[in-house]
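So the chains spell out like this:
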Amino acid sequence: MKKLIMLAMLLCSWASFSSASGVEENATLKREVSSITSTADHATFEVLNQEFDYAPDVTEACLECHTEASKQLHQTFHWTWSKEVDGVQVGKAQNGFNNYCVSAKGNESCTQCHIGFGWRNEDFDLEAEENVDCLVCHDTTGTYKKSSASSGHPYYEDQMIGGKLQKAVDLSYVATHVGNPERENCLACHANGGGGNGVKHGDTDMSLVQPEFALDVHMSPEKLDFACQDCHTTNDHQISGRYNDRKAFVDHDLNMGRSDRDGNNVSCESCHSAAPHDDRDIDNHTAKVACTSCHIPEMARGPYLTKLSWDWSTAGKTKDGKPYVEDEIFDGVENHSYMSKKGTFTWGKNVVPEYRWYKGELNQMTLLDTIDPNNAPIDINPPTGSYNDPDARIWPFKIHKGNQPYDTELNRILPIKLYGKASSGALWTTLDWDKALEAGAKLNHVEFSGNYDFVETNGYWPIKHMVAPADQAVKCSACHSNQSRLNGLNDFYLVGRDSYTLVEWFGAIAIWGGLAGVILHALGRIITMRNRKQQTNQK
């Protein structure tokens, strides 16, 4: 009976996903407007035409003209790495954690991606304007590289890194060749966080530098050729998007080009509207289904893997007294499956996301929060929203599975001291969990009882990039079936998946009643026509 109802509804609402007329034209116009060439040739500026041997000196030269730039950046999350949420500072800089490397404090290599110079410890001066790294975002040469060993400073000398020569950065050359940020600038950090290319997000890796149209319809040079800031608009160096204290989106209205949107939150609907398909049945979905749920069919759709799980509890093993690494083939690509200093991993690509209700906010736990290990896996940053919330929509997520240390007496997640010399207690040097957890707790100013174990956790990463062409959108049957993609969401009735007697009987009556009506009407017409013929013949 359910299949019959489903068949009838599909016949009534059959349509294919397509873009509304004018959307592509508007998007192209937006791209042209946002890509205006600079009116300044920095190679002609005398203050930049000198030998620089220290990166903060370049920033001081920049500030001679861009007098407010550092002040603006000091107000952004890219600089502070924390925001106040419910009276508590939350972020990489303080109290925040995830289920990858857990916390930034204790892993100084994380500051390689901070837009500053020298954030090694709490002595870092967050108010110093010369500590802002202008070049990391504005380099157009592709030669500017920051060193993980020097807390965000560039390479001042030639070094061998992983068997390859990393040449010293020519600061004068880079400073005289600055421009608008390009994809490479943004992706250098956002695609490589968590330990490597594609590790964290599932929808953001280095393939987005020059993606094929089939991988991302917005960023592909084959068509729209968007820069990151075409969607992530900026104002006073404030970049739109989700932060710990701010939603990922605030409205679902068509407001492309509105000046007060720059640097604030933005959604797909801001350019496409909430009804872009010219088909009522499909557009009705947008009240409860995010655009990304249909138009991003899989995660890690390019050539690179994304990490799906990380088990820290296995870290520390050795062979013949030495650390070791094991590799494995995941979806046709070789990658680490075990590392002595990190533990066990699983990877994947072209992975179907998991789906949750989401209204643009994640409830981020902190190192100060208590957990109940009996309720594992612990959702460390679950999305907010429900079916009854008008602002929430079904959204695709990468849910990263972790197994990380926690204090068995205080029931709190424990940060780890990972990077550094053996005397610092760094796990990656000593493989000693007791020392690494004690040092990590001290660095993060949290209490540690000395007793620990490992607990399974879930980390949530909204999927929003790698938008597929319309003809590759998720098919109706992928959700409206017994093997639905949405089987993780059970707080509403989904046609084709769920069984509800009253609805099914009503549908059956409607279908069979309609068919019976048609048949009875046809029989009535036939009988009437015969009677009329007989009456005509008798006359």
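Keep in mind that what you see is a predicted model, and the values were worked out from it rather than measured. (Residues numbered from 1 in each chain as written. Predicted model: local features only at pLDDT ≥ 70, side-chain atom pairs only at ≥ 80, totals over all residues. Heavy atoms only, no water.)

**Student:** How do you make sense of the overall build of the protein chain when you look at a structure like this?
**Tutor:** A count of helices and strands for the protein chain gives 14 helices and 15 strands. Projected onto its principal axes, the C-alpha coordinates of the protein chain cover approximately 115 × 60 × 45 Å. Residues classed as buried in the protein chain amount to 45% of the 539 residues present. When contacts within the protein chain are restricted to residue pairs at least 6 apart in sequence, long-range pairs at least 24 apart make up 68% of them. When the accessible area of the protein chain is evaluated, it comes to approximately 27,700 Å², of which 52% is carbon and sulfur surface. Distance from the positive charge centre (50 side chains) to the negative charge centre (72 side chains) of the protein chain: 10 Å. (Helix = DSSP H or I, 4+ residues; strand = E, 2+ residues; numbered from the N terminus. Buried < 20%, exposed > 50% of the residue type's maximum accessible area, 1.4 Å probe, protein only. Contact = heavy atoms within 4.5 Å. Areas by Shrake-Rupley, 256 points an atom, 1.4 Å probe, with all protein chains shown as cover. Lys, Arg positive; Asp, Glu negative; His and termini not counted. Charge placed at Lys NZ, Arg CZ, Asp CG, Glu CD.)

**Student:** In this structure, what is going on with the packing of aromatic side chains? I would like to understand it.
**Tutor:** The description of an aromatic ring pair rests on the distance of the ring centres and on the angle between the ring planes. Within the structure shown, the criterion is met by 22 aromatic pairs. Residues Phe345 and Trp347 carry aromatic rings whose centres are separated by 6.2 Å and whose planes lie at 75° to one another, so their mutual orientation is edge-to-face. Judged by its relative accessible area of 8%, Trp347 falls in the buried class. Ring geometry for Tyr358 versus Trp395: centroids 5.4 Å apart, planes at 70°, classification edge-to-face. A residue pair is termed long-range when its members are at least 10 positions apart, and Tyr358 in strand β11 (residues 354–358) and Trp395 in strand β13 (residues 393–407) qualify at 37 residues. Judged by relative accessible area, Tyr358 falls into the buried class, the value being 1%. (Phe/Tyr/Trp six-rings, centres within 6.5 Å; stacked < 30°, edge-to-face > 60°.)

**Student:** Would you take a moment to explain the state of the cysteines for this structure?
**Tutor:** Here a disulfide denotes one covalent bond, and it connects the sulfur atoms of two cysteines. Summed over the entire model, instances satisfying the criterion amount to one disulfide. Summary of cysteine pairing: Cys231 is not part of a disulfide, and the nearest cysteine sulfur, belonging to Cys271, is at 6.0 Å. Using a relative accessible area of 35% as the deciding quantity, one classes Cys231 as partly exposed. Among the cysteines around Cys479, which has no disulfide bond, Cys294 carries the closest sulfur, lying 6.5 Å off. Here Cys479 falls in the buried class, since its relative accessible area comes to 18%. (Disulfide = S-S within 2.5 Å.)

**Student:** Just checking my understanding: could you explain the UniProt feature "domain: Cytochrome c-552/4" (unreviewed entry) in the protein chain for this structure?
**Tutor:** UniProt tags residues 61–138 as "domain: Cytochrome c-552/4" (unreviewed entry). Structurally, residues 61–138 comprises 21% helix and 8% strand, and the distance from its first C-alpha atom to its last is 14 Å. (UniProt positions renumbered as here; feature names shortened; annotations may be inferred.)

**Student:** Could you clarify how one ought to interpret a nonpolar patch on the surface in this entry?
**Tutor:** Where nonpolar side chains cluster on the molecular surface, the patch consists of Ile519, Leu520, Leu523, Ile526 and Ile527 and spans about 490 Å² of accessible area. Along the polypeptide, Leu520 turns up in helix α14 (residues 501–538). Given the relative accessible area of 58%, Leu520 is considered exposed. (Patch = residues over 30% accessible without salt bridge, like charges linked within 9 Å, V, L, I, M, F, W, Y side chains within 5 Å. Salt bridge = Lys/Arg side-chain N within 4 Å of Asp/Glu carboxyl O.)

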